[in-house]
Amino acid sequence: MSARDAGDKMGVMAADEPSASRLAEVRAARIEKLAKLRELGVDPYPSTFDDRQPIGEARDQAPEQNNDDAEVRVAGRLILWRRHGGSTFANLRDQSGQIQIQLRRDVVGEERYALVKLLEVGDFIGVAGTLFTTKTGELTVRVQEFSILTKALRPLPEKWHGLTDPELRVRKRHLAFIADPEEMQNVATRARFISNVRSFLEDHDFIEVATPVLESIPGGADAEPFTTHHNALDRDFYLRISLELFHKRLIIGGFERVYEIGRVFRNEGIGKEHLQDYDLLEFYWAYADLAALKELVQRFYATVIESTFGTLKLPYGDDVLDFTPPWPEADYFELFRKIGVELADYPTADALLPVAQKLGIADAKPGLGRGRLIDMIYKKEIRSTLVQPQLLTGHPVDISPLAKRDPADPARVQRIQVMMAGSEVGNGFAELNDPLDQRSRFEEQQRLRDAGDREAQMLDEEFLEALEYGMPPTAGFGVSIERWLMYLTNSPSIRDVVAFPLVRPAPEKPNESG
RNA sequence: GGGCCCGUAGCUCAGCGGUAGAGCAGCGGACUUUUAAUCCGAUGGUCGCGGGUUCGAUCCCCGCCGGGCCCCCCA
């Protein structure tokens, strides 16, 4: 007995059980049809359908009048089905669009038409015929020949309401795409966008590199890492939280312009702006300063946005984000002054703590560093007010352990953050290349970490050693592709721009194994 | 982690103390320009899971699982 026969039997038998569900009956009925097709010598899963054209292309061949001379050959999934005895209307969909088809007994013949009873919504078929327009004005293929390409065994979501259960929509993404093909747009937009990002960087002589995902010490960002285990080495590794430190090692090694679009992993909360794994774009540019970076970043954003979306003005919620350069700059200390806090007056964490508490920041407690407190105040009081695309500059050194100090004010660093819609969508700075300063900043981070700040950065001795060999002046920049796309595509949740967002595994069904 | 809400047929939803309902899909039938086709007929359920209250629970209570929204938080 072949595996296929066994599969058929099991499928049919499932419906014979007294407690069989509706789904099992539907599935059994479809398997029955499958068997009938085979009895009639029809292969329900042929290898191909030669010379098909995309439906969108076939539609463009529509004749001015119904002269029956536009021949088309299209294939796709049956998504609607209207049988009227000797004539059947159906809607066929492929990636390029959909079209109505008409199957007629007097055209395809009695024997062929009998197969219609063995087809149903969900199946893939291929058809060849001529275009005409019905009296209600719908472009339609009058089918001369048709063949089944794939028999579907499970029913599609309801044709009118589709798939609305948010849980099912993320657990069964394929059904969400079938029910709402416009959701496929985000996947396509992402591909186009990333392609434009690569083009821009490569036009500017950046080369794409790949750096390790498994790290002994995850660095380059304030975030909690995932851990994993390597069996052969019998030791734990971290999944990377940024690309930064390896890129700097490339610059130290002599590369001058590198970039990477790499998946990073952060073991933190899930929310409408946060994923636990996402594609981070970073680039590093030797012999460039902050002024050069500011110019390049604005041109970079404007170029890829324009080439992807055809405009520099994109709606987000109630706002229209205008990316036309030059963007305004907002000074970090100035923004604090506007909420009545002169940062220079609070040089220590102890001094700043009462300010944070007075602002009602519940998590502000003793032991946290000055940088963390500043960041908390900024996130609670300031960040959401930065709506139009702009550059936030002049950050305090406390929150920027990898950035070069501002020579005019050593308490601040040479850094920019791209802000839009009240969110950080891009971060860059003149990279700190003073190895001794870097060491002391790491040591400060380590102290905070020991004091309980789980997001404080770890001291990376190997990186410090590399830095001691000398890194030329370098500007670096990073941005989350998903966060960026979320705002550019006016998506309320970052999960909307991900094809398969993480879901908690469904609980095991009881009694499945007896 | 805190607050509010949801889980009933494959899908979309009613019902909310007295043995479970509709539409779509599927099944049988009629129908050769329909388009959410229509009409006739038959069928379909561990009411998320477990406990409790009750003569009796889909319904009330408790716990758990899964999900959503709002806080909080990491790009």
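Let's talk about the overall build of chain A
- Along chain A, the regular secondary structure elements total 16 helices and 20 strands.
- In terms of overall dimensions, chain A is more spread out than a globule: its C-alpha atoms have a radius of gyration of 30 Å, far above the 24 Å expected for 514 residues.
- In terms of its C-alpha atoms, chain A occupies a principal-axis envelope of roughly 90 × 65 × 50 Å.
- Here chain A holds 514 residues, and the buried ones make up 47% of them.
- When contacts within chain A are restricted to residue pairs at least 6 apart in sequence, long-range pairs at least 24 apart make up 64% of them.
- Carbon together with sulfur atoms contributes 50% to the accessible area of chain A, which is approximately 26000 Å² in total.
- Within chain A, the 83 negative side-chain charges are centred at a point lying 6 Å from the centre of the 64 positive side-chain charges.

Notes on helix α15 (residues 461-468)
- If you check which residues of α15 are buried, you get F463, L464, A466 and L467. Seen end-on, α15 carries its buried residues on one side only, within an arc spanning 160°.
- Where α15 is buried, its residues touch α9 (244-253) and α14 (435-450).
- The N-terminus of α15 is capped by D460, whose side-chain oxygen sits 3.2 Å from the backbone nitrogen of E462.
- Positioned one or two residues after α15, G470 has a phi angle of 105°, which is positive.

Thoughts on the sheet that holds strand β15 (residues 390-393)
- Reading across the sheet, the eight strands line up as β6-β10-β11-β20-β19-β18-β15-β14 and stay open at both edges, with mixed pairing between neighbours. A single partner strand is all that each edge strand has here, and the edge strands are β6 (207-208) and β14 (329-331).
- As paired strands, strand β11 (residues 277-286) and strand β20 (residues 474-480) are joined by seven bridges and run antiparallel to one another. Residue pairing across strands places W285 opposite A475, the latter belonging to β20.

Re the pattern of salt bridges
- This structure, assessed with the given rule, holds 39 salt bridges.
- Two residues, R104 and D106, come together in a salt bridge whose shortest N-O distance is 3.0 Å.
- You can call D106 exposed: its relative accessible area is 58%.
- Linked through salt bridges whose partners overlap, the residues forming this network are R30, K33, E120, D123 and K151.

Section: the protein's contact with RNA strand B
- By nearness alone, 60 residues border RNA strand B, and K33, T136, E167, E268 and H274 come closest of all.
- When atoms of RNA strand B within 4 Å of the protein are split into backbone and base, the sugar-phosphate part holds 56%.
- In this structure, a sugar or linking oxygen belonging to RNA strand B sits 3.0 Å away from a main-chain N or O atom of E158.
- One of the side-chain N or O atoms of D375 is found 3.4 Å from a phosphate oxygen in RNA strand B.
- Counting residues per element, the surface near RNA strand B draws most heavily on helix α2 (residues 22-39), which supplies five residues.
- The residue inventory of the surface near RNA strand B, partitioned by class, reads 15 nonpolar, 15 polar and 30 charged.

What counts and what doesn't
Residues numbered from 1 in each chain as written. Chains lettered and ligands numbered in written order. Predicted model: local features only at pLDDT ≥ 70, side-chain atom pairs only at ≥ 80, totals over all residues. Heavy atoms only, no water. Helix = DSSP H or I, 4+ residues; strand = E, 2+ residues; numbered from the N terminus. Rg over C-alpha atoms; globule rule 2.2 N^0.38 Å. Buried < 20%, exposed > 50% of the residue type's maximum accessible area, 1.4 Å probe, protein only. Contact = heavy atoms within 4.5 Å. Areas by Shrake-Rupley, 256 points an atom, 1.4 Å probe, with all protein chains shown as cover. Lys, Arg positive; Asp, Glu negative; His and termini not counted. Charge placed at Lys NZ, Arg CZ, Asp CG, Glu CD. Arc of directions from axis to C-beta. Polar contact = N/O pair within 3.5 Å; in protein donor to acceptor, adjacent residues only side chain to side chain. Pairing = 2+ DSSP bridges. Salt bridge = Lys/Arg side-chain N within 4 Å of Asp/Glu carboxyl O. Near = heavy atom within 4 Å. Nonpolar A, V, L, I, M, F, W, Y, C, P; charged D, E, K, R; others polar.

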